[in-house]
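A structural walkthrough
Letter by letter, the chains look like this.
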Amino acid sequence: MTIGSGAATDATKLRLKTGDLAKSPFSAGASMCRQSATVCLIKSPSRQHRALPSLVDRLSVLPDPRRRRGVRHPFVAVLPVAACAVTAGARSWAAIGQWSRAAPQDTLARLGARTAGALRVRVAPSLSTIRRIVIAVCPGGLADLTGQDPAGADTVAVDGKRARGSRHGAVPAVHLLAVMTGEGRTVSQLPVPGKTNEITCFTALLAPFDLRNVVVTADALHTQTAHVRFLVERKQAHFLFLVKADQPDLFAALRSLPWKEVTARRYDREAGHGRRETRATRVLTVTGLGLDFPPCRPGCPDPALPRGHRERQVHP
């Protein structure tokens, strides 16, 4: 079962936590990066920064983590080189360096690589330079600036996965919580700390973005009262969350509704991963559930409650 709610009327301003800056060796204007324990020299990128049409213009918002002395390659040229190498199939630092060395002059010119000599020959950044900058760059700002702006989108989905190839020996794989638009474009992502779960990262992931009138979907893990309040009251967003038996009161109340009397249904059929799935969806608008859940309380907009039924057939 799933539950949804309309947007509220009040919105509050989000503020970055700077209580730990007193211990930081950086300036007082620095802020904690929301993706790591390091301190960055910028706050979270604004909507105007994320809306810049050029990738180079977006990356120029990030602070250069290098010292001024000895800098040879432009900061905004090194990151696109690494991104192009990965897009071309590089899966290691050595492969990224190899792609950089073999890149033609016209490609390096389009990426903004530095020039040298009287002939103005484009010089690609070395492997050590690429690795040093990629490791030192602000991860939160980089993820937000290169992601899709969700403002105006119909839906966004929040889901977590373990990054393939990120496990090293006894160190477990990195667990990432990402948000994507309905068109499949990544908005941003956060690493989930090892001793916590996705619940602790939900609000931090969505906080910098304008989600007014956007439908946010997530699995049953995020069917939390705090998450619903955050979306409805602070972000003025709609939501579509799953309800399972681990919340017995809410699940029983929703299951007792007259679903069999709903004649209008929607069927979706998909095939993949060795199985065929058929999903049937029915929707009810109800009042007076009497539950301690934000859209079910008196005075809240009447929630629309879709119910989904899924059948699986495994390929022979």
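Here is a short report on the structure shown in this document. (Residues numbered from 1 in each chain as written. Predicted model: local features only at pLDDT ≥ 70, side-chain atom pairs only at ≥ 80, totals over all residues. Heavy atoms only, no water.)

Things to note about helix H9 (residues 225-234)
Within H9, burial applies to His227, Val228, Phe230, Leu231 and Val232. Within two residues after H9, glutamine 236 carries a phi angle of roughly 55°, on the positive side. (Buried < 20%, exposed > 50% of the residue type's maximum accessible area, 1.4 Å probe, protein only. Helix = DSSP H or I, 4+ residues; strand = E, 2+ residues; numbered from the N terminus.)

Some words on the pairing of strand S10 (residues 238-242)
In S10, alternate side chains face the same way, and those of Phe239 and Phe241 are buried while those of His238, Leu240 and Leu242 on the opposite face are not. Relative to S10, strand S9 (residues 215-218) runs parallel, the two being bridged by 4 bridges. By the bridge assignment, valine 216 is partnered in S10 with phenylalanine 239. Handedness of the S9-H9-S10 crossover: right-handed. (Pairing = 2+ DSSP bridges. Right-handed = clockwise from strand over helix to strand, strands pointing away.)

Details of the environment of alanine 163
Mapped onto the elements, alanine 163 comes out in the loop between strand S6 (155-162) and strand S7 (175-181). What makes alanine 163 partly exposed here is its relative accessible area of 24%.

Here's the deal with the pattern of salt bridges
Overall, the coordinates contain 6 salt bridges when judged by the stated rule. Its salt-bridge partner being arginine 66, residue aspartate 64 comes within 2.8 Å of it at the nearest N-O pair. Taking relative accessible area as the criterion, arginine 66 reaches 17% and is therefore assigned buried. Here glutamate 277 and arginine 275 are joined by a salt bridge, their closest N and O atoms 2.7 Å apart. Connected through shared salt-bridge partners, Glu270, Arg275, Glu277 and Arg279 make up one network. (Salt bridge = Lys/Arg side-chain N within 4 Å of Asp/Glu carboxyl O.)

Re the side chain of serine 100
In this structure, serine 100 sits in helix H4 (residues 93-102). Ignoring anything within four residues of it in the chain, the contact list for serine 100 reads Val81, Ala124, Pro125 and Ile130. (Contact = heavy atoms within 4.5 Å.)

Some points on helix H3 (residues 75-87)
With 13 residues, H3 ought to run about 18 Å at 1.5 Å a step, and its terminal C-alpha atoms sit 19 Å apart, in line with that. Among the residues making up H3, those that are buried are Phe75, Ala77, Val78, Leu79, Pro80, Val81, Ala82 and Ala85. Where H3 is buried, its residues meet helix H2 (55-59), H4, helix H5 (105-111), helix H6 (127-136) and helix H7 (139-146). Within two residues after H3, glycine 89 carries a phi angle of roughly 115°, on the positive side. (Expected span 1.5 Å × (residues − 1).)

As for the environment of valine 158
Here valine 158 shows up in strand S6. Taking C-alpha positions, valine 158 is 5.8 Å from alanine 178, a pair spaced 20 residues apart along the chain. Apart from residues no more than four positions distant in its own chain, valine 158 is found in contact with Leu177, Ala178, Val179, Phe202, Leu205, Leu206, Val216, Thr217, Ala218, Asp219 and His222.

Focus on the environment of glutamate 198
Mapped onto the fold, glutamate 198 is located in the loop between strand S8 (186-191) and helix H8 (202-206). Classification of glutamate 198 by relative accessible area gives buried; the value is 8%. The spatial distance from the C-alpha of glutamate 198 to the C-alpha of leucine 176 is 8.5 Å, given a sequence separation of 22 residues. In contact with glutamate 198, other than residues within four places in its own chain, are Gly160, His175, Leu177, Val192, Leu221 and His222.

Considering unusual backbone geometry
At asparagine 213, a residue that is not glycine, the phi angle is positive and equals roughly 65°. Note that asparagine 213 resides in the loop between H8 and S9.

Some remarks on the packing of aromatic side chains
The description of an aromatic ring pair uses the distance of the two centres, along with the angle that the planes make with each other. One pass over the structure, following the stated rule, counts 2 aromatic pairs. With centroids separated by 6.3 Å and ring planes inclined at 80°, the aromatic side chains of phenylalanine 202 and phenylalanine 241 adopt a geometry described as edge-to-face. Of this pair, phenylalanine 202 sits in helix H8 while phenylalanine 241 is found in strand S10, placing the two residues 39 residues apart along the sequence. The residues phenylalanine 202 and phenylalanine 241 share a single accessibility class, namely buried. (Phe/Tyr/Trp six-rings, centres within 6.5 Å; stacked < 30°, edge-to-face > 60°.)

As for the nonpolar core
If you look at the biggest cluster of nonpolar residues, it comprises 23 residues, and the most contacted ones within it are Val158, Phe202, Leu206, Leu211, Val216 and Leu231. Within the residue set of this core, elements represented by two or more residues are S6, S7, S8, H8, S9, H9 and S10. Looking at this core element by element, the count peaks at 4 residues for H9. Counting residues in each nonpolar core, the second largest holds 16 residues, with Val78, Ala85, Ile96 and Val137 among its members. (Core = buried A, V, L, I, M, F, W, Y, C linked by side-chain atoms within 4.5 Å.)

Quick word on the pairing of S8
Taken together, the 5 bridges between S7 and S8 define a ladder with antiparallel strand orientation. In the sheet register, methionine 180 faces S8, and the bridge partner there is threonine 186. The turn joining S7 and S8, which pair antiparallel and follow one another in sequence, is formed by 4 residues; a positive phi near 90° is taken by glycine 184.

Side note on the packing of H4 against H6
Remark: H4 packs on H6, axes separated minimally by 9 Å, with the N-to-C direction vectors making an angle of 125°. Overall, the two elements H4 and H6 adopt an arrangement that is oblique. Handedness of the H4/H6 crossing: right-handed. Contacts between H4 and H6 involve Trp93, Ala94, Ile96, Gly97 and Ser100 on the former and, on the latter, Leu127, Ile130, Arg131, Val134 and Ile135. (Axes fitted to C-alpha atoms, helices over the stretch in contact; angles between N-to-C directions. Parallel < 35°, antiparallel > 145°, perpendicular 65-115°, else oblique. Left-handed = near helix turned anticlockwise from the far one by under 90°.)

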